[in-house]
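So you can see what is in the structure, the chains are spelled out below.
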Amino acid sequence: MDYFIVFVTTVTGLYFHWWLYVRIKRWMDRDLALSLAGQDQARRDYMLERLDEARRQGVKRRDLPRWLERAAADYPAS
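The paragraphs below set out a description of the structure included in this document. (Residues numbered from 1 in each chain as written. Predicted model: local features only at pLDDT ≥ 70, side-chain atom pairs only at ≥ 80, totals over all residues. Heavy atoms only, no water.)

What about the nonpolar core?
How we decide: Residues grouped as a nonpolar core are buried Ala, Val, Leu, Ile, Met, Phe, Trp, Tyr and Cys residues, joined through side-chain atoms within 4.5 Å. Exposure is judged per residue with a 1.4 Å probe applied to protein chains only, and the accessible area is read against the type maximum: over 50% gives exposed, under 20% gives buried, and values in between give partly exposed. For helices the rule is a DSSP run of H or I covering at least 4 residues; for strands it is a run of E covering at least 2, with both sets numbered from the N terminus onward. By definition in these notes, contact holds between two residues if any of their heavy atoms fall within 4.5 Å.
Counting residues in each nonpolar core, the largest one holds 12 residues, listed as A33, A37, Y46, M47, L51, A54, L64, W67, L68, A71, A72 and Y75. In terms of residue count, the dominant contributor to this core is helix α3 (residues 64-73) (five residues). Discounting residues that sit within four places of it in the chain, A72 has contacts with L36, R43 and M47.

A word on the packing of helix α1 (residues 2-37) against helix α2 (residues 41-57)
Our working rule: Fitted lines through C-alpha atoms give the axes, limited to the stretch in contact for helices. The angle between two N-to-C directions lies from 0 to 180 degrees. By definition in this entry, angles of less than 35 degrees are roughly parallel, angles greater than 145 are roughly antiparallel, angles of 65 to 115 are roughly perpendicular, and the rest are oblique. For any helix crossing, the convention is left-handed if the near helix is rotated counterclockwise from the far helix by under a right angle, and right-handed if that rotation is clockwise. Put simply, Ala, Val, Leu, Ile, Met, Phe, Trp, Tyr, Cys and Pro go in the nonpolar bin, Asp, Glu, Lys and Arg in the charged bin, and everything else, Gly too, in the polar bin.
Interaxial distance between α1 and α2 falls to 8 Å at its minimum, and their mutual angle equals 140°. One finds that α1 runs oblique with respect to α2. Viewed along their axes, α1 and α2 form a crossing whose handedness is right-handed. Together, R26, D29, R30, A33, L34, L36 and A37 of α1 and R43, R44, M47, L48, L51 and R55 of α2 make up the contact between the two elements. Of the residues assigned to the contact of α1 with α2, the class counts are seven nonpolar, no polar and six charged.

Any link to function would need more than the numbers given here.
In structure tokens:
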């Protein structure tokens, strides 16, 4: 029974750390997209859509900042 308790708590702890790591990465990506958008709400929505598009396309994390910067530059000026 002791081994079972140790196993369950270890697996639970590892899962929690993995989940937290994934959440922090998502928050960082979202924060990057919003920082490139500025205060304009339409531009913020546009950048969040581009972030979703980057995820669907499978853009690697190391390439994401450049990809988002290009997307911000392509935003139609009003």
